[in-house]
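# Summary of the model geometry
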Amino acid sequence: MPIFIFNLSRSKLKKTNEPPVKTNMEDHSRTIVHIDIDCFYAQVEEVKNPSLKLQPVGIQQKNCLVTSNYKAREYGLKKCMSVTEAKKLCPKLVLINGEDLQHYRQYSSKVSDLLRGFSDLVERLGLDENFIDVTALVNERMASNYTPVGCIYGDVSGTCDCGCYERLCIGSQIAQEMRDAIFEQLSLTTCAGIAHNKLLAKLVGSKNKPNKQTILFPDSALELMLGLQKVCDIPSIGVATGKVLNDIHIFTVKDLQSCQIRELEMAFDPLKAKHLKQLSYGVDESLVKPYAKPLTISLEDAKCLVTKQEVQDKLSELLGRLLILVKSDGRTPKVIKVSVRKYNPTTGGQRETRQCPLSVSLDNQTKLVEVAYGLFKKIITEQSFKVTLLGVGFSKFIDVPNQKNTLDGFFKQSSDVIEPPIKRIKLAKEERCLKCPPGVDIEVFGELPLEVQQELWDEHKSKERKVVSKGKVNTMLNYFSKEPRK
Ligand code: DCP
Ligand code: MG
């Protein structure tokens, strides 16, 4: 439990004699890329309607401007400004309502999924930022070409000799490849920061905007940190921590660097005190935590339903919303389930669930409602009923794109395009066995569209002939292999 001390006079606090944390004594073995989408909501609107690109565009939620494109920013528009003020500064501003986050969420997932093709270690931060630990890929490419790509922050004359210079240069090449892929496949421009930890990668990425990337070599970490004014400008220091620091008269990054650790330990627990001290020097040991996709995606509504028509209408409504979520998730569910709570005047009722394998295409909503209603009837057998909750969900996801039958196609998918149903041609079991590459689940293989089956088989054959390029990390076979992905 932290002890909070207020009104402690700064003059009573001694300046530290402790040597500063030396960033070059730190471990520089990781290479972290931070990617932030430029004016995210505004860009998604521009992708949907390219004519907007030539105009100043603002995204509005209630009376607040949550972002604007860079053309609008030339007029001095800022995030969180009132719409009235923004209109005064830029009378030609095109305002778009951004209260429905559905498209933004879809693009956000597509960007993170695309980045997972480079490394399994992708951590999402909000909707438009991702940290990617590319250390493994960098190590694979060592001893190749060390030309840095993009801007460099600070001075590089006296660099550390642990190999971090080379690693960060390769990291910058990978960051450029990531940003190119995002632009080619989703038409979004991004900024990237490349450094040996998350804190520095995030901070340095914002140094050159928009559509640029910046490398930070460890020797410039202190300069970068001191360039921040307030302690709250350090990304992981939130309002509450900032307030406690201010209460003990620590306002600037310099104050945090020069205060004694004991002083911090009076206000925070020792681990947090150490962490804050380290942050002020740009030291951040936190790992990139890969995000896990949910095991089940479901929706429910606690509403009283008493007729077949009411149940079918509710299932149709829930499935309509659910399919949008599942399609933006990108994976293919293998099971559909329905939950019902039967009315019971004494206990309030208990929830019951039935599920079955999903044999219907996600594009056929009418059929899905029929299947879901069939499950409902397994729980509610009576003609006359009263249910107080109805839910529907999908589970047992496999990493097969659910909207188009190639990975590339999935990423190119525009959220507005209504896709034709996936063509699935069932082969006889013997034929499947003949074509199913070793390591791939025969049942999963049997469910795949013929083109994907063929692609997997071709890939397997070319692997046998050892012609698959070494650097290719995101092969189709890796996706479908029963072995954990490398
Ligand atoms: N957003 C929001 N409310 C805010 C700030 C932002 O809803 N107070 C939304 C709109 C942004 C998105 O989050 O598009 C991402 O936030 P960023 O701070 O990364 O801002 P942008 O991506 O818009 O701009 P930048 O180019 O500066 O990254
Ligand atoms: Mg952004």
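## Topic: the overall build of the protein
- A tally of regular secondary structure across the protein gives 19 helices and 14 strands.
- Counting every position in the protein, which comprises 486 residues, the buried fraction comes to 48%.
- The long-range fraction of contacts in the protein, counting pairs at least 24 apart against all pairs at least 6 apart in sequence, stands at 67%.

## Quick look at helix H14 (residues 365–379)
- Look at H14: 21 Å from first C-alpha to last across 15 residues, which is about the 21 Å you get at 1.5 Å a residue.
- Residues Leu368, Val369, Ala372, Tyr373, Leu375, Phe376 and Ile379 constitute the buried set of H14. Across the axial projection of H14, the buried residues extend over an arc of 155°, all falling on one side. Among the exposed residues of H14, those pointing more than 90 degrees away from its buried face are Thr366 and Lys378.
- Those residues of H14 that are buried are in contact with helix H13 (308–329), strand S12 (332–342), strand S13 (351–357) and strand S14 (387–398).

## Quick look at the sheet that holds strand S5 (residues 94–97)
- With respect to topology, four strands assemble into an open sheet ordered S4-S3-S2-S5, the strand pairing being mixed. Every interior strand has two partners, whereas the edge strands, strand S4 (81–82) and S5, have only one.
- Sheet analysis places strand S2 (residues 57–61) next to strand S3 (residues 64–68), joined by four bridges and oriented antiparallel. Looking across to S3, one finds that isoleucine 59 is bridged to threonine 67.

## Comments concerning the environment of lysine 48
- Relative to the helices and strands, lysine 48 resides in helix H1 (residues 40–48).
- For the pair lysine 48 and histidine 103, spaced 55 residues apart in the sequence, the C-alpha separation amounts to 9.5 Å.
- At 3.3 Å, the side chain of lysine 48 and the side chain of histidine 103 are in polar contact.

## Some remarks on the nonpolar core
- Core analysis: the largest hydrophobic core is formed by 40 residues, its most contacted members being Val33, Ile35, Leu115, Ile132, Ile174 and Met178.
- Those elements giving two or more residues to this core turn out to be strand S1 (32–37), H1, S2, helix H4 (102–115), helix H5 (135–141), helix H6 (164–186) and strand S9 (190–195).
- The element best represented in this core is H6, accounting for ten residues.
- Those residues in contact with methionine 178 that lie beyond four places of it in its chain are Val33, Ile35, Leu115, Phe118, Ile132 and Val134.

## Focus: the environment of valine 244
- For valine 244, the position within the fold is in helix H9 (residues 239–247).
- Classification of valine 244 as buried rests on a relative accessible area of 11%.
- Each C-alpha atom, one on valine 244 and one on phenylalanine 268, is 8.7 Å from the other, the two residues being 24 residues apart in sequence.

## A look at the coordination of the magnesium ion (ligand 2)
- Listed as protein donors to the magnesium ion (ligand 2) are Asp36 (OD), Ile37 (O) and Asp128 (OD); their distances from the metal cover 2.0 to 2.2 Å.
- Coordination at the magnesium ion (ligand 2) comes from six donor atoms whose angles at the metal span 80 to 171°, giving a geometry best classed as octahedral.
- Each donor residue of the magnesium ion (ligand 2) belongs to the same chain, with the gaps between them written as D-I-x90-D. With a gap of 92 residues between them, aspartate 36 in strand S1 and aspartate 128 in the loop between strand S6 (122–125) and strand S7 (129–133) connect regions that are remote in the sequence.

## So, the site of ligand 1
- Near ligand 1 lie 15 residues; those nearest to it are Cys39, Thr67, Tyr70, Asp128 and Lys209.
- Take cysteine 39: an N or O atom from its main chain is 2.8 Å from an oxygen atom of ligand 1.
- Its free accessible area being 550 Å², ligand 1 has 77% of it covered by the protein chains.
- Breaking the shell around ligand 1 down by element, the ones donating at least two residues are S1, H1, S3 and helix H2 (70–73).
- The residue makeup of the shell around ligand 1, split by class, is seven nonpolar, two polar and six charged.

## Topic: the packing of H4 against H13
- Across the interface, H4 lies against H13 with an axial gap of 8 Å and an inter-helix angle of 25°. Accordingly, the angle class assigned to the pair H4 and H13 is roughly parallel. Mapping the contact onto sequence places Gln102, Gln106, Ser109 and Asp113 in H4 and Ile324, Ser328 and Asp329 in H13.
- The residue inventory of the contact of H4 with H13, partitioned by class, reads one nonpolar, four polar and two charged.

## With respect to the packing of aromatic side chains
- Using the criterion set out here, one finds six aromatic pairs in the structure.
- Taking the centre distance of 4.8 Å and the plane angle of 25° together, the rings of tyrosine 165 and phenylalanine 217 count as stacked. Remark: phenylalanine 217 occurs in the loop between strand S10 (213–216) and helix H8 (221–226) and tyrosine 165 occurs in helix H6; sequence separation between them is 52 residues.
- A relative accessible area of 25% means that tyrosine 165 is categorised as partly exposed.
- For phenylalanine 217, a relative accessible area of 1% gives the class buried.
- Taken together, the ring pairs in this structure connect Phe40, Tyr41 and Tyr104 into an aromatic cluster.
- Over the aromatic face of phenylalanine 131 sits the side chain of lysine 198, whose NZ or CZ is 5.3 Å from the ring centroid.

## Section: the environment of glutamine 176
- Positionally, glutamine 176 belongs in helix H6.
- Spatially, the C-alpha atoms of glutamine 176 and glutamine 213 are 7.7 Å apart, while their sequence positions differ by 37 residues.
- With residues up to four places along the chain from it excluded, the contact list for glutamine 176 reads Val149 and Gln213.

## Quick look at the sheet that holds strand S11 (residues 296–301)
- The antiparallel open sheet is built from four strands, whose spatial order is S11-S14-S12-S13. This sheet does not close on itself; its edge strands, each paired only once, are S11 and S13. Sheet twist, expressed as the average angle between the axes of neighbouring strands with direction ignored, equals 20°.
- Relative to S14, S11 runs antiparallel, the two sharing six bridges. Across the sheet, residue isoleucine 297 finds its bridge partner in S14, namely phenylalanine 394.
- Strand contacts of H13: S11, S12 and S14, with the helix running at about 30° to S14, the strand carrying the most contacts.
- Docked against the sheet, H14 engages S12, S13 and S14, running at close to 45° with respect to S12.

The rules behind the values
Residues numbered from 1 in each chain as written. Chains lettered and ligands numbered in written order. Predicted model: local features only at pLDDT ≥ 70, side-chain atom pairs only at ≥ 80, totals over all residues. Heavy atoms only, no water. Helix = DSSP H or I, 4+ residues; strand = E, 2+ residues; numbered from the N terminus. Buried < 20%, exposed > 50% of the residue type's maximum accessible area, 1.4 Å probe, protein only. Contact = heavy atoms within 4.5 Å. Expected span 1.5 Å × (residues − 1). Arc of directions from axis to C-beta. Pairing = 2+ DSSP bridges. Polar contact = N/O pair within 3.5 Å; in protein donor to acceptor, adjacent residues only side chain to side chain. Core = buried A, V, L, I, M, F, W, Y, C linked by side-chain atoms within 4.5 Å. Donors = N, O, S within 2.8 Å, 3.2 Å for Na, K, Ca; no water. Tetrahedral: all angles 85-135°; square planar, octahedral: opposite > 155°, others 65-115°. Near = heavy atom within 4 Å. Areas by Shrake-Rupley, 256 points an atom, 1.4 Å probe, with all protein chains shown as cover. Nonpolar A, V, L, I, M, F, W, Y, C, P; charged D, E, K, R; others polar. Axes fitted to C-alpha atoms, helices over the stretch in contact; angles between N-to-C directions. Parallel < 35°, antiparallel > 145°, perpendicular 65-115°, else oblique. Phe/Tyr/Trp six-rings, centres within 6.5 Å; stacked < 30°, edge-to-face > 60°. Lys NZ or Arg CZ within 6 Å of the ring centre and 35° of its normal.

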